[in-house]
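Here is what each chain is made of, one letter per residue.
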Amino acid sequence: MRKVCFVLLLLLATCFLHAQKHDYNWFSRDRTTSPGTGIHVQYIDSIQDIDIQLFDWHGRVNASPAFSDKNGEFLFFSNNFHVYDSIGSVIENGDSIAIGFYQNYVLNNFPPDYALAIFQNGGTIPISDSVFYMFHQTQEYWSGAPNWPIVGIEEQGDPLIIASDALHLTTVRKRTDGSLYIRPEEKEVLLLKDTIVESQLTFVKHANGRDWWLLVPEHYSDSAYLFRIYPETGEIDMQGQTYFSDQNDRVTSIKVTRSSPDGTKLARLINNYGSGIDHKLELFNFDRCTGAVERYFLDSLSPAEIWNLDGDLAFSENGRFLYMAASEYIFQFDMELDDPFSEFDTIAIADDFRYLGVLPTAFGQFWEVPNGKLLVISANSTPFFHYIHQPNEKGDACGFEMRAIVLPAERLRPQDSVIIKGLPTYPPYRMPPLDYDCETSVEEPERQSDVFLSLYPNPAWAETTVQIHGAEIGQARVLDINGRQVAERKGHGRFDVSTLPSGVYLVEVETDCGVFVRKLVIR
């Protein structure tokens, strides 16, 4: 039977964009003892609030951005080492997804399934209802870098620090029976090899409401790498580097970047490690058409007597207010002011309550609940959730409630309460398109039919992955600018380009729908 390749009419489904419920579930267990109990937090539309259930599991996961399908059904989560399904079992080929000395050290020296916080080290973007791109950073130990937190390990007498030197992509797929799996050739695909700021992956939707921008700040530099992700084709294009901030080298310990609900503003908290060091807030304009970043505000804030390693930012649903969790305090800044520091409200101050008579209340991180509320965790392993009920309102009217939720005791260890040290950070899945068209300086990939070629990463450093969507793939070749074949393979998968000189190449792929060609840049 002859296969027919139909032309697609590309439409933007606004209702689809607003139905994205990929952030409706998350799971956390901080205890290192096994067995033990964590919690599964789920947002439920029918009650317009969260439901908390105990979750028996043998491992440890902290601040994991668990991923749900577009209808809010829990699919999978990761602890930055393995990928697990919704009941805590490693999915097919989902073991050992992380590369790096730090991950290997933990795997070899701690109990199985032990992990540390992910925060902004990872994020998942849906490509379709059955294909999900999971971006994740390596975590390495480095020596000699200034101002990084010491982790208690030495190499030849030098203290080591946590850093990141690569960005990877792992593709999770769902079969028709609902089972999840990872193809070997789509596991740990190298997207970027450089010294990049750890825990700083920032996702913002393109102005068209369909594509994604990914901003990855470079360490020891004032630049950031800019990627554009095209869900319609699966293509990931690195647009190059853009000026970001001269404060990149100061980003030590906790560092978070948050986008406003409309995606036109970015806010970054630089919460430095150590005492007596100021903590800075940066505000940026973000161009959703081009991905350009322009900083318009930088200042220090040090009213808190105690700053620990925790701190976070969150925007109100209407975008007017920016909230900062800062150890003993929660501040509210008015984004309509030219200088947000000139006048701000302190909406929460830690009280004298001590958990178990010892641990004080402290404010660590936010979760932007789908109903518009802000959930806040205590930063020092205490079993409490705080709530900001009306974030769109100014000052005390925002409705802060201290210890609004007390977490239950562990079912398998009733002498211990469930504790949480981190909350997940999600891409802004429901960010709407802008209400105006824009001419982007970034070239759109050609999309002429329901068959298209994906090539990522592009530019490539050591390898690139070739995939054809909608057709049977035959031979794939890499050609230099003179048309000479320099690499080939059968079927989709990875090309090793580590031995090829830097330059421009062509990837030619034969399919049962014809021959497809894309440009490949090797750095």
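Now for a description of the structure that goes with this document. Given the structure is predicted, the values throughout are model-derived calculations rather than measurements.

### Observations concerning the sheet that holds strand β37 (residues 503–511)
Moving on, step 1. Ordered in space as β35-β34-β37-β38, the 4 strands form an open sheet in which the pairing is antiparallel. Each of the sheet's edge strands pairs with one partner strand only, and the pair in question is β35 (485–490) and β38 (514–522). The sheet shows a mean angle of 20° between the axes of neighbouring strands, direction not considered.
Moving on, step 2. In this sheet, β38 lies alongside β37 in antiparallel orientation, the contact comprising 9 bridges. By the bridge assignment for β38, T511 is matched with G514.

### As for the pattern of salt bridges
Moving on, step 1. Going through the model one piece at a time under the given rule, you end up with 24 salt bridges.
Moving on, step 2. Note that D23 and R430 form a salt bridge whose closest N and O atoms lie 2.9 Å from each other. Here D23 is found in the loop between α1 (14–18) and β1 (25–28), whereas its partner R430 is found in the loop between β31 (400–406) and β32 (452–456), with 407 residues between them in sequence.
Moving on, step 3. Exposure remark for R430: the relative accessible area of 25% places this residue in the partly exposed category.
Moving on, step 4. A salt bridge links R183 to E186; the shortest N-O distance between them is 3.6 Å.
Moving on, step 5. A single network of salt bridges, built from pairs that share partners, joins R210, D211, R228 and E232.

### Regarding the pairing of strand β28 (residues 363–368)
Moving on, step 1. In terms of burial, β28 is largely enclosed, as 5 of its 6 residues are buried.
Moving on, step 2. Here β28 pairs with strand β29 (residues 374–378) via 5 bridges, running antiparallel. Across the sheet, W367 pairs through a bridge with L375, a residue of β29.

### A word on the sheet that holds strand β30 (residues 384–388)
Moving on, step 1. Sheet architecture is open: 4 strands sit in the order β28-β29-β30-β31, paired in antiparallel fashion. Whereas interior strands pair on both sides, the edge strands pair on one side only; in this sheet they are β28 and β31. Geometrically, the sheet is characterised by an average inter-axis angle of 30° between neighbouring strands, direction not taken into account.
Moving on, step 2. The sheet contact formed by β30 and β31 spans 4 bridges and is antiparallel. Following the sheet pairing, F385 is matched in β31 by I405.

### Some words on the packing of aromatic side chains
Moving on, step 1. Applying the stated criterion across every chain yields a total of 26 aromatic pairs.
Moving on, step 2. When the ring of F203 is compared with that of W212, the centres are 6.5 Å apart and the planes differ by 85°; the resulting orientation is edge-to-face. For the pair F203 and W212, a shared accessibility class is recorded, and that class is buried.
Moving on, step 3. An aromatic cluster of three or more residues is present, and its members are F67, F76, F132, Y133, F135, F203, W212, Y426 and Y429.
Moving on, step 4. Here the basic side chain of R175 rests over the ring of Y181, its NZ or CZ set 4.1 Å away from the ring centre.
Moving on, step 5. For R403, the ring lying beneath its charged end belongs to F353, and the centroid distance is 4.3 Å.

### Things to note about unusual backbone geometry
Moving on, step 1. Although it is not a glycine, S96 sits at a positive phi angle of roughly 55°.
Moving on, step 2. If you trace the backbone, S96 turns up in the loop between β6 (83–85) and α2 (101–109).
Moving on, step 3. The phi dihedral of L356 falls on the positive side, at around 60°, and the residue is not glycine.
Moving on, step 4. Note that L356 resides in the loop between β26 (354–355) and β27 (359–360).

### Considerations on the environment of V83
Moving on, step 1. Mapped onto the secondary structure, V83 falls in strand β6.
Moving on, step 2. In this structure, the C-alpha to C-alpha distance between V83 and L180, residues 97 residues apart in sequence, is 9.7 Å.

### What to know about the nonpolar core
Moving on, step 1. Counting 62 residues, the largest nonpolar core has F135, L167 and I229 as its most contacted members.
Moving on, step 2. In terms of nonpolar packing, the next biggest core, distinct from the first, is built from 19 residues, L455, I468, A471 and V509 among them.

Conventions used here
Residues numbered from 1 in each chain as written. Predicted model: local features only at pLDDT ≥ 70, side-chain atom pairs only at ≥ 80, totals over all residues. Heavy atoms only, no water. Pairing = 2+ DSSP bridges. Helix = DSSP H or I, 4+ residues; strand = E, 2+ residues; numbered from the N terminus. Axes fitted to C-alpha atoms, helices over the stretch in contact; angles between N-to-C directions. Salt bridge = Lys/Arg side-chain N within 4 Å of Asp/Glu carboxyl O. Buried < 20%, exposed > 50% of the residue type's maximum accessible area, 1.4 Å probe, protein only. Phe/Tyr/Trp six-rings, centres within 6.5 Å; stacked < 30°, edge-to-face > 60°. Lys NZ or Arg CZ within 6 Å of the ring centre and 35° of its normal. Core = buried A, V, L, I, M, F, W, Y, C linked by side-chain atoms within 4.5 Å.

Shape is all these values report; function is a separate question.
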